Amino acid sequence: MEEPNLARERCRPNMPSSSPSKVFEQLVDAKTIEFPDRQHSMSMSMELAPPSAASLSPNKAPNNDSGALTSSAPQPLPPSPNGKLFSHVEKAENPQPPVMKKEHLQQHPPTPTSVTAIQDTVERIVNAVENRDASSRESALANGTTSQRQILEVTHGGPLTSTELSQLALLCTAGFSSTKNGGPKQYDQSSLWAAVDGDLLAALTPMLRAHVTSAMRVDLVGEGLGVISKTVQAENSPEKKSGPVITIHQWMMQVAKYSGPNAAPLGSLGDSKLEPGAGFGRLQILLCGLEASNILLSIMAAPGIDRRVIEDESIEACVTLIKNHIQKHLIPALSNTGHVGMSMTASGYGSGGEETEQTPKSKKSRSVSPNRGVVAKSLKAVYSPILSTVGQFGTMIERADAFVVSNEMDDSLLFTLSGAALSTLMIDASPLVRADAASLASIIQVSSMDLIAAIFRRYPRHRSIIVEDLFPLMLKLPASKRSLRTFLVKKSSASSSTNDIVKGPPTSNVDDHEYIQPICALTLLLIQSCVVMPSQDDDEHMEGAEDSNDSWALKDDHSGLQGCVAVCNQFTSQMLQRCARKGEEGGASEFRPILSNLVDDLLLVRHLPEYPAAGMLLLYLSHRLGSDLLRASSAAKNQVEATYLATAMDAFGKITSAVAGSLQRNRENPFKLPESMDLCAPSPEPREEINRCFCGRGNLDTFMVDCDRCHSWHHGSCVGITKDTVPDIWMCDDCTLQKTVADQAKVFARGNRDSDSLTSTDHNHVLRQLLLSYLTWTAQASHSQIAERAREFLIASWVKQLEGSDETLGSFDLGLVRNFAISQWTLPTPQPNQQRPRAHLTDDGNQRIMTSLVASSELCVSFNRLLGVILRLMGDKLASLRKLSVKAILQVVNIDPALMTQPTVRKEVSRCFHDESISVREAAVSLVGDYIIQSPNLAAAFHAPLLERVVDKGISVRKRAVRIFRDVLLSNPTYEGRAAACHAMMQRAADRKEDDGVRDLIHETFHTLWFNSKAFDMGTTGSPAKSKPGQLGTKAELYCREVSTQMVEVVRVSGSNDILSALVKGLLFGFSEGDKDKKNVERKKRQEDSRSQCNLLVKALIELLLSFEDTRDHNEDDGKQLVAILATLSVFSQTYPELLVPHVDTLLPYLKGDNGVKRYEAAVVSQVSSMISVASSHFSSGELSRLTSGELPTDLVNICYKFPSEAVTSAVEALAKLANHPDATSDSIQEKKLLKLATQFYSYLLKTKDVTNDFSSMKKSVRDNVRRALAALGSICRFYECAGAVDDHNLDSTVFSVETDVTKLQLSNNVLSNASFALFMEYLNKEDESTKCLALRAMNGVFISRPRVVLVAEQLGIIPSVIGSEAPPSVQIESLRCWRDILISEEERIDSGAAKAKMDAQKNVTLSKRIGGDQDGDACISGSVLTKHSDRLYELTLSKDEKVRHMIIDLIGHLLRQGLINPMETVPHLLAVQGDVKSPSTRALALKLLLTEGEKRPDMLRE
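All residue numbers refer to position in the chain's written sequence, counted from 1. Only residues with pLDDT of at least 70 get local features here, since the model is predicted, and only at 80 or more are side-chain atom pairs given and counted; chain-wide, interface and lining totals rely on the full set of residues. Excluding hydrogens and water, the side-chain figures rest on all heavy atoms present in the structure.

Participant: Talk me through the overall build of the chain; I want residue IDs and the actual numbers.
Facilitator: Counting from the N terminus, the helices are the DSSP runs of H or I reaching at least four residues and the strands are the DSSP runs of E reaching at least two. Within the chain one finds 65 helices and seven strands. Exposure classes here rest on a 1.4 Å probe applied to the protein chains alone. A residue is buried below 20% of its type maximum, exposed above 50%, and partly exposed in between. The buried share of the chain, reckoned over its 1503 residues, is 56%. Contacts are assigned to residue pairs with any non-hydrogen atoms lying within 4.5 Å of each other. Across the chain, every contact between residues at least 6 apart in sequence was considered, and the portion connecting residues at least 24 apart equals 74%. Per element, the accessible surface of the chain, about 64800 Å² overall, is 50% carbon and sulfur. Surface accessibility follows the Shrake-Rupley procedure with a 1.4 Å probe radius. Residue values consider only the protein chains on display as shielding.

Take a look at the structure:
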């Protein structure tokens, strides 16, 4: 077979590279070495240089007649998906194109050598050596000089010259071939070496062994360290003239000359190893030894060779050289670790020299510690020639592979060889040594892996030992992110996320490959190497199972996979046993991340045809992990290692989620294969050309090919075809599948079938055959052992699947299919210029096949069992297992959200919502949250459980629930459960005992949902959207409509706008807690920023109100919606009242009280009245005149007569604000209405005050009228600001008397207020508690408007009477509530600036009072009076009534915040309240106050 041209192979895309030995033969004819100082170089001329020694030469080689490959930089090896060595080689930095001489391009592979030529060459060399030996002995006897043999042994390490070694190497290269037709490596001229005279070969092998033995003793790195040590010690020695020294570059130079600072003749150093050029001599011995070992292995591996040639000493020498070269040279050179652990002695040579007795002087010099960076840099002069032997060493490993397969070896040598090969996986390639160090390391590792696989396949009895050797090795592997995964594999789109889209052709070099750990690739190769050929009949025994004592053979299995199963069992068992150990025993903590990384790699390659064993290993891993987890479920708590359970569950979850992803991909994108043999006819010609390329790109300006069956077009780069490689007939993947199904259906269909239907089982047989054809072509083209073992594993798996199949499930004759599959076991011999078979799919087609076959594999079939294990553990007694299982099911659901629709899954998840462990509940909430976000349409199924978690005891659970609702509302603003969710979150934020972190998160959530500035910015730049008539147009306005709808729904669900009002104010202006001391400038800026947003929201709410009126049914249920809209508007009226002015006319009709919502009329008129009240101050003079001249004052008065006290208060406030408007006259309509209203209610109270002392016995109508009259009169006293209402500092209590002549009542000069207060005191003295409370509430209006009246109440003994122990609890509660309202009102009056504005409007206030801040003095009156009764307040904390205790703690909180009470006296009482077990809310409120005080005064709590 003609060898492929190397230049064309390197430039051809997607073509597998040749075998390493062939590449080595073509790359090099001479080898050069150039040292870093670039002053001295050496050149070793040979008729044929060692095949691989120059292939990776670091520098440019001199001209050579043989035509060497030259380059100024190391040549990177092109990645090939199917090559044996070069498919796993990383590209070097700044790769240079290969440069070849014309003579090399014309060079042909060596022609076959005849037996006579081989025998003549061997005989001539043997005779030459014997003649030299005889001549040397005679010369030594005659002259006493050094013999030529001794010179050769010193310079070359043996009796052979470089020319003789090259001639022998040429013979081995000519006869050696990497073709492995399903078995061991063989020779094309297998009879040639066997035909050579055995005596000649027996005489030659000791000569070769001498070179190998000499090379075994070479340690370039260790000896180089000795040179560096000597140089450093000499430079740091206090005696500068201690003698001549050399540098590492002089030590490695070829010409033996000395030019040091202290010149001396050669030999003056007293050690031949330290002479200039000594390193070059040692390198020569090493190179000759490697060449001799190559020759020895080639001869001994030849079939039929004379057994005298295969000597134990020769085998041992070769194995030892391989071991030493790996451990002493290649690993330190590639990893740049030769200087690590070095011992700097006076005359030592590191690891390779002998230490002498240390004198005091040498002991002193031992303390010298040179810079390791300098030592490492100097060692590069040694590393460079060592790395030039990588190619030659790779050839030697291949020939050792062939020898292992064809010969029986001693167990100790086998273990030495396998151990050395395994140690190559520890290489941590350093780019500091060479840019392509990773590529060189890959060459060594892949060759070593093939050798280990050969040993593993050839010696079943040693498999268990080799598997056990893998685990100590895992602890020594590189763990850095850069070096962890270095084994190159082709990227599979199926192994990525289901949402990933493969962009660009699959043959492109961008993101076309992935990396896995070499140890993972080796494990899979070992498993696949155990497969044997299935038996043709059930009665036959399996090949390789003859040994009845072999534990690796399963006699009942005839598929050939019994060895693979045994390896999987041992590997998984040993791995998990090490991971399950407790603590740090046996490196358990280090094995757990190894297990996790291994699972990741297996999941990455399980869709690749070259690694079918990944599915088997994952299957057994999942079985073992599931068993361990279930076993831990029943074990005692202290017997379970928690860290291992976490690792095991994580790995188990990864496997299960990957299986779920495979099933989902196959379910969503199934193969569309013909379901009947009649449907396999050719497709009709299309009327127009169609681009059906799977990449999804359009008709680009690029080369495209046409399918000869369906005539669809595909990009040539996507299907791997160039203009020069267009086949005569080409079909796309779909047509190839159609035709293959038709062809195989005709061959394998049963003759007695009832119909022509084809099932999925039949389709799988066709897909397996297509995949087998692909692997066969790959193995032929690349000579890849991985591909060969993969196709054998595929055949055996196919046979195993056939043995367990029911023949009635398909139309194919399973017996014929089985025999046909086994008949393809032997790899066909490749023919020259062989092309791909026609029934061959593209890479995309092969990946689709793998996806389909993986989905039907045993691992995917066991998905229900895997899922069942997780669901069972979700109900385990161990909380840690329950939490881990929920996280595992989360991984699965993230891949396939449809699983949450299964009743069993939903049942277990719902149960976890009520788990006793907070961590389990949090994990369950996280699971459902991800599920809802991915499937918003199914969010309603878990709405109620999530809503319950908003009030969960666990803070982390509440936070997670809030985040979920935030994400749901952001992604789906029309979510049906939005009102309940928002209401629940607002309640949590308003709860004083809520955690600050949860509250902040809720505030952030609502700010994002309702006041997102980016959404409002679209109102100025967004283009008007198409909308229905009457709807808002811009995107921002549409967004506001959704937000306003959400707010209305929240208010409707909560039944009040109090929480929403506090939230909106806090979001826009800052919350009161912690935000009180902000500067006014910052507050005003926030107001300006939020004004435009609120303006849009108000417009949206008005639009929503109009839309509601247009569509309402005028039934009773509409009242709740109407109240919710008005209450939401009221929230913004309190924030920005001026925004409501343009919409007042829209609101006024609702004051009539005839809105058709009888149950909600009071709430409607109350909300509208409140909005009129706050907006009145922004009415212009004309607007005020227009409104008051209409029906507005009359409507407000009518509300006071028709509705309960809450509506009366709002209506009175609105009427009073209209009367107090700056533009209103003294005889305005609204003021007259207000005075008339006050006179009527005052007259009624005056008339009924003496009727009875106990109004509880009166009629309900009387009680209601009294209630309304007290509420209205108290509200008038509170809200109307009359002229001349400033009280004297020493207010006389005698002014407060009941006026019996109602005609004398007037609003000015506090006449009405004084008379009303006296009347209120009359009702306060009544016997029934309800009347007392109403009187207190009415008096509270006077206290708020006139703080100095509190002093009068104190003088009259009113305050002690209402908070004293004799007062009923209801009166105590009402009095405390009144004091709280007074404090809050005064605080708001001062903060808003109303107090200062009122003082500035009064002309009789002196300048000194203005400067002193008289309004602050009035504000402190109520607090001062309460401070006087602080002892009584503290006593109320011990009240028997639960409501009294709660109210007094609330009042104390306000007093503490305003600084009106001593914290030192208060804290002990708050601590005592912590024992209030009957009132958790009171205890929580007191705790909140304690925490606040603790933050302000930490030392106080410590005391």
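Participant: Give a detailed account of the packing of helix 37 (residues 955–971) against helix 38 (residues 978–990), specifying residues and quantitative values.
Facilitator: Closest axis-to-axis distance for the helix 37/helix 38 pair is 11 Å, and the angle between their directions is 140 degrees. It follows from the interaxial angle that helix 37 and helix 38 lie oblique. The element helix 37 and its partner helix 38 pack so that their crossing is left-handed. Where helix 37 approaches helix 38, its residues Arg 958, Val 962, Phe 965 and Leu 969 are matched on the opposing element by Arg 978, Ala 981, Cys 982, Met 985 and Arg 988. By the convention adopted, Pro, Cys, Tyr, Trp, Phe, Met, Ile, Leu, Val and Ala count as nonpolar, Lys, Arg, Asp and Glu as charged, and the other residues, Gly among them, as polar. Of the residues in the contact of helix 37 with helix 38, the class split is six nonpolar, no polar and three charged. Helix axes are fitted to C-alpha atoms over the stretch in contact, other axes to C-alpha atoms as well, and angles between N-to-C directions run from 0 to 180 degrees. An angle below 35 degrees is read as roughly parallel, one above 145 as roughly antiparallel, one from 65 to 115 as roughly perpendicular, and any other as oblique. Whether a crossing is left-handed or right-handed is set by the direction in which the near helix is turned from the far one by less than a right angle, anticlockwise for left-handed and clockwise for right-handed.

Participant: Hey, could you go over the nonpolar core for me, with residue numbers and the actual values?
Facilitator: Throughout, nonpolar core names a set of buried Ala, Val, Leu, Ile, Met, Phe, Trp, Tyr and Cys residues whose side chains join them through atoms within 4.5 Å. The biggest cluster of nonpolar side chains holds 402 residues, and the ones touching the most others in it are Trp 193, Leu 208, Met 409, Met 575, Trp 1010 and Phe 1011. Per-element tally for this core: the top contributor is helix 11 (residues 278–301), with 14 residues. Discounting residues that sit within four places of it in the chain, Met 575 has contacts with Phe 471, Met 474, Phe 591, Ile 594, Leu 595 and Leu 598. Among the nonpolar cores identified, the runner-up in size contains nine residues, and Ile 721, Met 731, Cys 732 and Cys 735 belong to it.

Participant: If you had to explain the pattern of salt bridges to someone new, which residues and values would you point to?
Facilitator: Throughout this description, the term salt bridge denotes a Lys or Arg side-chain nitrogen within 4 Å of a carboxyl oxygen of Asp or Glu. Tallied over the entire structure, the rule returns 48 salt bridges. When the shortest N-O distance is used, the salt bridge between Lys 654 and Asp 650 registers 3.4 Å. With Lys 654 and Asp 650 both in helix 24 (residues 642–668), this residue pair falls four residues apart, about one helical turn. Its salt-bridge partner being Glu 916, residue Arg 882 comes within 4.0 Å of it at the nearest N-O pair.

Participant: Let's hear about the environment of Trp 730: which residues, and what values?
Facilitator: Among the structural elements, Trp 730 can be located in the loop between helix 25 (716–719) and helix 26 (733–748). Judged by relative accessible area, Trp 730 falls into the buried class, the value being 13%. For the pair Trp 730 and Val 705, spaced 25 residues apart in sequence, the C-alpha to C-alpha distance is 8.3 Å. If near-sequence neighbours (up to four positions away) are discounted, Trp 730 is found in contact with Val 705, Asp 706, Cys 707, Asp 708, His 714, Val 719 and Ile 721.

Participant: So, helix 8 (residues 198–216): which residues are in play, and what are the values?
Facilitator: A helix is expected to span 1.5 Å multiplied by its residue count minus one. In this model helix 8 runs 26 Å from its N-terminal to its C-terminal C-alpha over 19 residues, within 8% of the 27 Å that 1.5 Å per residue would give. Identification of polar contacts relies on pairs of N or O atoms within 3.5 Å, with a donor-acceptor requirement for protein atoms, meaning one able to donate a hydrogen and the other able to accept it, and with residues adjacent in sequence counted only if both atoms are side-chain atoms. At the N-terminal boundary of helix 8, the capping side chain belongs to Asp 197, with an oxygen 3.3 Å from the backbone nitrogen of Asp 199.

Participant: Lay out the packing of helix 22 (residues 588–605) against helix 23 (residues 613–634) in plain terms, naming residues and giving numbers.
Facilitator: Contact geometry for helix 22 and helix 23: axes closest at 9 Å, N-to-C directions at 140 degrees. Between helix 22 and helix 23, the angle is such that the two are oblique. Taken as a pair, helix 22 and helix 23 cross one another with a handedness that is left-handed. Along the contact surface, helix 22 presents Leu 595, Val 599, Leu 602, Leu 603 and Val 605, while helix 23 presents Ala 614, Leu 617, Leu 618, Leu 621 and Leu 625. Grouping the amino acids of the contact of helix 22 with helix 23 by side-chain chemistry returns ten nonpolar, no polar and no charged.

Participant: Describe the side chain of Asp 219, with residues and values.
Facilitator: Positionally, Asp 219 belongs in the loop between helix 8 and helix 9 (220–236). Buried within the structure, Asp 219 lacks any salt-bridge partner; Lys 328 is the closest side chain of opposite charge, at an N-O distance of 4.9 Å. Separated by 3.1 Å, the side chain of Asp 219 and the backbone nitrogen of Gly 222 make a polar contact. Charged residues are defined here as Lys and Arg on the positive side and Asp and Glu on the negative side; His and the ends of the chain fall outside this count.

Participant: So what about the sheet that holds strand 5 (residues 690–691)? Which residues, and what values?
Facilitator: We treat two strands as partners when DSSP finds at least two bridges between them. The strand order across the open sheet built from three strands is 5-7-6, with neighbouring strands paired in mixed fashion. Of all the strands in the sheet, just strand 5 and strand 6 (704–706) have a single pairing partner and so form its edges.

Participant: Could you give me a rundown of unusual backbone geometry, with the residues and numbers involved?
Facilitator: A positive phi angle, near 60 degrees, is found at Asn 336, a position not held by glycine. Exposure remark for Asn 336: the relative accessible area of 12% places this residue in the buried category. A positive phi angle is found at His 711, which is not glycine, with a value near 60 degrees. The residue His 711 is located in the loop between strand 6 and strand 7 (712–715) in this model.

Participant: Let's hear about the packing of aromatic side chains: which residues, and what values?
Facilitator: Stacked, tilted and edge-to-face pairs are distinguished by plane angle, under 30 degrees for stacked and over 60 for edge-to-face with tilted covering the rest, among Phe, Tyr and Trp rings (Trp via its six-membered ring) whose centres lie within 6.5 Å. Taken as a whole and assessed by the stated rule, the structure comprises nine aromatic pairs. Judged by centre distance (5.7 Å) and plane angle (35 degrees), the rings of Tyr 1201 and Phe 1241 are tilted. Placement of the pair is Tyr 1201 in helix 49 (residues 1192–1202) and Phe 1241 in helix 51 (residues 1229–1248), with a sequence separation of 40 residues. What makes Tyr 1201 partly exposed here is its relative accessible area of 36%. Look at Phe 1255 and Tyr 1323: their rings are 5.7 Å apart centre to centre, the planes differ by 25 degrees, and that puts the pair in the stacked class. One end of the pair, Phe 1255, is in the loop between helix 51 and helix 52 (1260–1279); the other, Tyr 1323, is in helix 53 (residues 1311–1324), with 68 residues separating them in the sequence. Across the pair, Tyr 1323 and Phe 1255 agree in class, each one buried. A connected cluster of aromatic rings, assembled from ring pairs, spans Phe 1296, Phe 1317, Phe 1343 and Trp 1379. The residue whose ring lies beneath Arg 458 is Tyr 459, and the NZ or CZ to ring-centre distance is 5.1 Å. Against the face of Tyr 1323 rests Lys 1326, its NZ or CZ located 5.9 Å from the ring centre. The rule for a charge over a ring is simple: NZ of Lys or CZ of Arg within 6 Å of the ring centre, and within 35 degrees of the ring normal.

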